[in-house]
Amino acid sequence: MLAQLNATTYGECIKNEIAGGIEITDALEQILISENGEIQQFDTIAGNLMSASIESVQLAPNGVVTDIYPAEGNEAGKIDLLHDKDRKEISCYARDNHTIITQGPFELKQGGYGIAVRNPVYLKDKSGQEYFWGFTIAILRVPDIFSDAVSALSNFGYEYKILKTDTPWSGTYKVVYQSDGQLEHPVSYTFTIGNETWKFEITPKTGWRNNTLLLIISGIFLTISLLLSTLTRVWLVAKEHKNKYKILARTDSLTNLYNRYGFDELAEKIISKNPQTHFVAALLDIDDFKFINDVYGHSYGDKALKSLADSMKAFFPSDVLLGRNGGNEFCILLPACTFNEADEQLQQFTKLPKTFSHHGKEHAFSISLGYAEYPTFANSHSQLMRCADAALYEIKLHGKNGCMAYRKGLQSGARKQLGFALKDVSEHLPDAFIIYRADKEDDELFYANHEFLHMTGYKSMEELFRLTQKSFRNLIRQDEQQQIEASIWEQIDRGNENDYIHFHLRKADGTYLSVLDHGRIVESQQYGKVFYVSFMDWEDMHIRYSDKFSE
C-alpha cells in the first residue's frame, strides 16, 4: 500500500515536470498565433523560458527546425522533421492528429540524454481556413527533468523505472530512465501525455517482506511528511512556471506591452463584463517606419518602437490597456470613456515629440492614430478595432502625422497599399540615387540604392559608409570639393534647389567617374533638410545621346 502511494505520488511529480516542458511549447504557440506566425526576439523569449532541465527551445516552421536556443552546440539539430528517417513517422502523426508527441530518449551531442516535446501549431489564413504552421519544440534533459522525484525515491529505498510507449500507436514500452537495481514484482502508476502512455514502476531495494508494526508506522509517517513537503515544492514551482509562461504568451518581448493575443483577450473580457459602458479604442503606428529600418537598420527601428511604447506607458493612466499588434502597429483601450473625453487626450499624445537615438543623436519620428467609440459605432471588441483601423487608414490618406476619430462611411483598408516604401521604389529606379543631410557642416550620407552601388563598385551600403566616413563630401574628387559644394549652396541660396552639376564621383576602388548630379532639397519631418540626388554617367550619356549633344 505504501509503495503504491509512492508510485502514484512521484508518478504525478514526473508528469508535472514533463508538463512544464509542454507549457514552454504552449507559450511559444500562443505567441505565434498572436503574431501571425512570427516571433520577434526569439532568443530573448526562449532564454526566459529556459530552466536547468531544458536542453534547448526550438521552432520548426513547416516541420523544418530553423531556430534553436541556445544556438551554440545545437547546429546539428536543424533538420527536416517531416522527412528525417528517424523522426518522420511520429512527426507526421503529430501534425495529422493535432496532438503533442514526445520522442526519446536519444543521446545529446553535449552529453547525456534528451526527450523531444513537439507541439504542432495551426494558424488561420485570411479566409479563416486552418493550416499547419509547424512545431514548437522543447528538448528535456534526462534524468534532470525527473531528478527531484527519483532522488527522493532513492532516499526512501526504492528501485524505479520510467517507461513510455514507443509511439502513440504502439503498445510496446521503451525505458526512458531507471535505477541500477532490478525490479521484482513492481507496483506502477500510468499517465498519458498527448496520445502516449507513460508508466512509472517502483519496488523496495530490500524486496517485499513483512516488517514490524513500528517500522510500518514510522515509515508511513516519515513518507507522508516528506511527500507533503515534496508535493508542496513541486506545486509551487509548477505554479510559478505556469504563471511565467502565461505572461510570456501574452506579452510582446520587445516593448513589454501586451501582444495582440493578450490585448484582444483582455479587451474582450473587459468589454463583455461591462457591455453598457463606453470605451474608446485606438490604433496607431509610426509614420514611414520602413524608412527608419532602411536608412538606420532594424536595430534602430526597434529603438523607435521601444521609445514609442515607453512614451505610451508614461503618458496614459495605469487603467488604460496598451498593446502592440505586431510590426509598428500599437493599440489602446480607454475604459469608461467617450469620444469627447478621449479626443483631447489622444490629440495631445499624438503631438508629443517622439525620438529615437542613433549614435548619440536624437532623431524625431511621428505617428498616425485612429480611434473609435463603443457602443456608438460598434457592438463588439472586434468591430470596434475595425472602426479604429478605418480611422487610421483615413488619417494615412490625409498626410499622416495626425489623429482622427471614426465616423460613419469610413472604410477599413489595407494600409500597406497606401504607397511604396523608400527601398521598394529606389531599388527599382533606373538612375543611381542617394540621400544625404542638407547641412554645410554635416553632410551625412543616409542611403544609396542598388543602382548607385553598382555604378560606383561599392559592395554594400556598409562599405560605402565605411570608405566615405558617411560624408557626401568624400564622394567628390578632392580638387573639386570646394567648388562643387559652393556651387550647390549658391544654387540653393538662389532658390534653384540644386540644379544639374557635373563633377567626378569617387568609386570604391579609388578611381573617379564623371557624373551629372541632379538634386533636390526636401524638408523631412524625421531628419530635417535632406538632399535627394540622382546621378547619370556623363560619358555614357555622351555615347548614348551623341546626336542630342551635337545639336
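We now turn to the structure provided with this report.

Rules and cut-offs
Residues numbered from 1 in each chain as written. Predicted model: local features only at pLDDT ≥ 70, side-chain atom pairs only at ≥ 80, totals over all residues. Heavy atoms only, no water. Core = buried A, V, L, I, M, F, W, Y, C linked by side-chain atoms within 4.5 Å. Buried < 20%, exposed > 50% of the residue type's maximum accessible area, 1.4 Å probe, protein only. Helix = DSSP H or I, 4+ residues; strand = E, 2+ residues; numbered from the N terminus. Contact = heavy atoms within 4.5 Å. 1 Å grid on protein atoms, 1.4 Å probe; cavity = no way out; pocket = protein on both sides within 12 Å on 5 of 7 lines; lining within 4 Å. Points joined across faces, edges and corners; volume = space filled by probe spheres on them. Nonpolar A, V, L, I, M, F, W, Y, C, P; charged D, E, K, R; others polar. Pairing = 2+ DSSP bridges. Salt bridge = Lys/Arg side-chain N within 4 Å of Asp/Glu carboxyl O. Phe/Tyr/Trp six-rings, centres within 6.5 Å; stacked < 30°, edge-to-face > 60°. Lys NZ or Arg CZ within 6 Å of the ring centre and 35° of its normal. Polar contact = N/O pair within 3.5 Å; in protein donor to acceptor, adjacent residues only side chain to side chain.

**Quick look at the nonpolar core**
Ranked by internal contacts, the top residues of the largest apolar core, which has 68 residues, are Met312, Leu346, Ile434, Phe452, Phe472 and Phe535. At 6 residues, helix α8 (residues 298–315) tops the list of elements feeding residues into this core. What Phe472 contacts, discounting residues up to four positions off in sequence, is Ile434, Tyr436, Asp443, Leu445, Ile488, Phe503, Asp517 and Phe535. The next biggest cluster of nonpolar side chains, apart from the first, holds 47 residues, and it includes Ile18, Met50, Val117 and Val142.

**Points about empty space enclosed by the protein**
Overall, the coordinates contain 1 cavity of 30 Å³ or more when judged by the stated rule. Estimated volume of the largest cavity: approximately 60 Å³. Lining the largest cavity are Ile31, Glu35, Gln40, Ile45, Thr251, Asp252, Ser253, Asn259 and Arg324. Classifying every residue of the lining of the largest cavity gives 2 nonpolar, 4 polar and 3 charged.

**Thoughts on the pairing of strand β5 (residues 130–142)**
Burial analysis of β5 places 10 of its 13 residues in the buried class, which makes it a mostly covered element. As defined by bridge partners, strand β1 (residues 54–61) adjoins β5 across 7 bridges and the pair is classed as antiparallel. Directly across from Gln58, in β5, lies its bridge partner Ile137. Here strand β4 (residues 113–124) pairs with β5 via 12 bridges, running antiparallel. Of the residues in β5, the one forming a bridge with Leu123 is Tyr131. Between the antiparallel neighbours β4 and β5 lie 5 residues, among them Gly128 with a positive phi of about 90°.

**Some thoughts on the pattern of salt bridges**
On inspection of all chains with the given rule, the structure shows 20 salt bridges. Of the charged contacts in the structure, one is a salt bridge between Asp442 and Arg437, with a shortest N-O distance of 3.3 Å. The exposure class assigned to Asp442 is partly exposed, which follows from its relative accessible area of 24%. Measuring nitrogen to oxygen at the nearest pair gives 3.8 Å for the salt bridge that ties Asp443 to Arg473. Highlighted residues: Asp443 in the loop between β18 (432–437) and β19 (445–448) and Arg473 in the loop between α13 (461–468) and α14 (481–493), separated in sequence by 30 residues. Asp443 gets classed as buried once you look at its relative accessible area, which sits at 8%. Look at the salt bridges and you will find they share partners, linking Lys361, Arg437, Asp442, Glu444 and Lys470 into a network.

**Quick look at unusual backbone geometry**
In this model, Tyr69 is joined to Pro70 through a cis peptide bond whose omega is -5°. Take Pro70: it is sitting in the loop between β2 (67–69) and α3 (88–97). With an omega of 0°, the peptide bond between Tyr374 and Pro375 qualifies as cis. Along the polypeptide, Pro375 turns up in the loop between β16 (367–374) and α10 (381–397). At Asn256, a position not held by glycine, the phi torsion is positive, near 65°. In this fold, Asn256 is placed in the loop between α5 (213–250) and β10 (258–259).

**Observations concerning the packing of aromatic side chains**
According to the stated counting rule, one finds 23 aromatic pairs in the structure shown. Between Phe356 and Phe365, the ring centres sit 6.4 Å apart and the planes meet at 35°, which makes this aromatic pair tilted. Grouping residues by exposure puts Phe356 and Phe365 together as buried. Judged by centre distance (5.2 Å) and plane angle (80°), the rings of Phe377 and Tyr406 are edge-to-face. With a gap of 29 residues between them, Phe377 in the loop between β16 and α10 and Tyr406 in the loop between β17 (402–405) and α11 (422–426) connect regions that are remote in the sequence. Its relative accessible area of 13% is what places Tyr406 among the buried residues. Site record: aromatic cluster; members linked through ring pairs are Tyr436, Phe452, Phe472, Trp489, Phe503, Phe531 and Phe535. The lysine or arginine in question, Lys199, covers the ring of Tyr173, its NZ or CZ lying 4.4 Å from the ring centre. Over the ring of Phe349 we find Lys354; its NZ or CZ atom is 4.6 Å from the centre of that ring.

**So, the side chain of Asn119**
Inspection of the secondary structure assignment puts Asn119 in strand β4. Owing to a relative accessible area of 5%, Asn119 belongs among the buried residues under this scheme. Among the polar contacts made by the side chain of Asn119, one reaches the side chain of Glu29 at a distance of 3.3 Å. With sequence-adjacent residues up to four places away left out, Asn119 is seen in contact with Thr25, Asp26, Glu29, Ile100, Gly134, Phe135 and Thr136.

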